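What follows is the residue order along each chain.
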Amino acid sequence: MVKRFLIALALLVLCSQAFAISAQDAINFATKQNNFLYSNESVEIFPNVRIENKNKDYWVITILNGNTLTGFIPVYDKTSSLPDSEIAKRELIKTAYVLRNEKQLAESSSRQGLWLFDASNVKFFSDLSQDLKNEKIDLTTIKTSLGGFPLLQDEVDDLVNQLDEMWPLADDISRSLLETSSFESDFSANPDTNALKDLKRNFEDSFELMAELETERSNYLADLDSLRQAIALTDLPLETKQGLNSLANIPTSLQQFGSKVILAVDLEEKLEAIFNGAAANVDNLVLNLSTRVRRNNALKALYGTDEEIFEKTGQASLEQLITLLLNEDYFFIWNNQEDLANAKEDWDRAKGFYEAGSFEQAENNAESSKEYALDVYSAGTKEPKQPFDTDLLFTGVVLLIIAVIIIYALKNRGKISGLVSGEKEEFELNDWDT
């Protein structure tokens, strides 16, 4: 029974994947089935993954003008359609904005060796934690050598206590970097709008721990320097002082941590700018998408293929139907001249509104023009007047001439006969009257 259930579940997953559209299908929806782009714009999907929102997967297309991001188009991967919910559009666009920019930052920083959330830095902080533990041994030796200086021994104890606070922090940073790296990797491969806040929190937790360790490190170095100066002022032998000073040297890993802090501050600023940018720009990006949709609808209403118009008139679009109605060969013979004038007026208004960027008005006027135009076509044309048949007139004239000749011949058959026989007989045309 369990085996059958697993097989059925696997088939269901495979079927759902089979009906899902590809990234190229989504791009075709935006650029060929619709016209969401302005001139000089291009599209891409980066990274090439679907984004989940409320258990639905979407391809979110990035619109670019050169290298400048100008918009996003989320496309549902089952029906090649935009999200119905404005909230879904908002969350998908915000997530796509962060995903794209964070991925670009991670790849660029990794190539330069400036990305903190990787295996090498996880190991670095784990090693740092162990080095800080080992440092306690050197401090214990220093304390023993300062048997006659109880105040300095107290300072050493204080340094040991600081180490006991630092090494767990380094260990926590190592674990935090590992968790953040794993979460970031999973998010990049399977992004979910619901996980965006968790991604942000993971980054913030790592940076907070590093900032805390940097504070502890700064205090430790200051107190350690104070101890060194105090040892230098004692009456201990020079060789002893030099030995103690050498033991007080900080681990190399703790010195390198300073450069990690610089990287952390830079990355934190850049990541914060990405998340803040998503929040600040999402309203404009959603509005940008709405404007593109209205423009596309208006464009379709004016020039797109219209099934109703094609079925009723044989013309593919409103533009073609209007062109037919206004053709000078037909313009004055349409029966419904009033609606013809209305169709032309609304058509001109629709084009004007479209050019002015008032796409909703353009669509409304196009729909109105369509109604008038269909009424005009349905009412048909006036019956054309029968044209005067010049061929018939010519034929009549010819027949009349033939008839006159025949009649004349009959009237003058005697004279004509004489002419034929060779007899000279004068006759005149006025003999027609005899």
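Residues numbered from 1 in each chain as written. Predicted model: local features only at pLDDT ≥ 70, side-chain atom pairs only at ≥ 80, totals over all residues. Heavy atoms only, no water.

### Section: unusual backbone geometry
Consideration 1: Along the chain, Phe46 connects to Pro47 via a cis peptide bond; the corresponding omega equals -10°.
Consideration 2: Position of Pro47 among the secondary structure elements: in the loop between strand S1 (42–44) and strand S2 (51–53).
Consideration 3: Non-glycine residue Lys54 carries a positive phi angle of around 55°.
Consideration 4: Classification of Lys54 by relative accessible area gives exposed; the value is 72%.
Consideration 5: The backbone phi angle of Ser80 is positive, close to 50°, even though this residue is not glycine.
Consideration 6: With respect to the helices and strands, Ser80 occurs in the loop between strand S4 (68–76) and helix H3 (86–111). (Helix = DSSP H or I, 4+ residues; strand = E, 2+ residues; numbered from the N terminus. Buried < 20%, exposed > 50% of the residue type's maximum accessible area, 1.4 Å probe, protein only.)

### A word on the confidence of the model for the protein chain
Consideration 1: When the pLDDT values of the protein chain are averaged, the result is 89; 84% of them are 70 or greater.
Consideration 2: This model gives residues 5–17 a pLDDT under 50, and the stretch forms one contact once residues within four places in sequence are excluded.
Consideration 3: Segment residues 386–390: pLDDT under 50, and one contact once partners within four positions in sequence are set aside and those in other chains are kept. (pLDDT = per-residue confidence, 0-100. Contact = heavy atoms within 4.5 Å.)

### Comments concerning empty space enclosed by the protein
Which parts of space are left empty comes out when a probe the size of a water molecule is rolled across the atoms.
Consideration 1: Evaluation of the coordinates by the stated rule reveals one cavity of 30 Å³ or more.
Consideration 2: There is about 50 Å³ of room inside the largest cavity.
Consideration 3: Lining of the largest cavity is provided by Ile45, Phe46, Pro47, Val49, Ile51, Val60, Thr62, Phe72, Ala96 and Leu99.
Consideration 4: Breaking the lining of the largest cavity down by element, the ones donating at least two residues are strand S3 (56–65) and H3. (1 Å grid on protein atoms, 1.4 Å probe; cavity = no way out; pocket = protein on both sides within 12 Å on 5 of 7 lines; lining within 4 Å. Points joined across faces, edges and corners; volume = space filled by probe spheres on them.)

### Topic: helix H11 (residues 337–356)
Quick reminder: α-helices carry 3.6 residues per turn. Residues three or four places apart thus point the same way.
Consideration 1: If you check H11, its first and last C-alpha atoms are 29 Å apart, about what 20 residues at 1.5 Å a residue would give, namely 28 Å.
Consideration 2: Among the residues of H11, those classed as buried are Asp339, Leu340, Ala343, Asp346, Trp347, Ala350 and Tyr354. The buried side chains of H11 occupy one side of the element, clustering within an arc of 130° when seen end-on. In H11, the exposed positions angled more than 90 degrees off the buried face are occupied by Glu338, Glu355 and Ala356.
Consideration 3: Turning to H11, the residues buried within the fold contact helix H8 (252–303), helix H10 (318–325) and helix H12 (359–379).
Consideration 4: At the exit of H11 stands Gly357, carrying a positive phi of roughly 85°. (Expected span 1.5 Å × (residues − 1). Arc of directions from axis to C-beta.)

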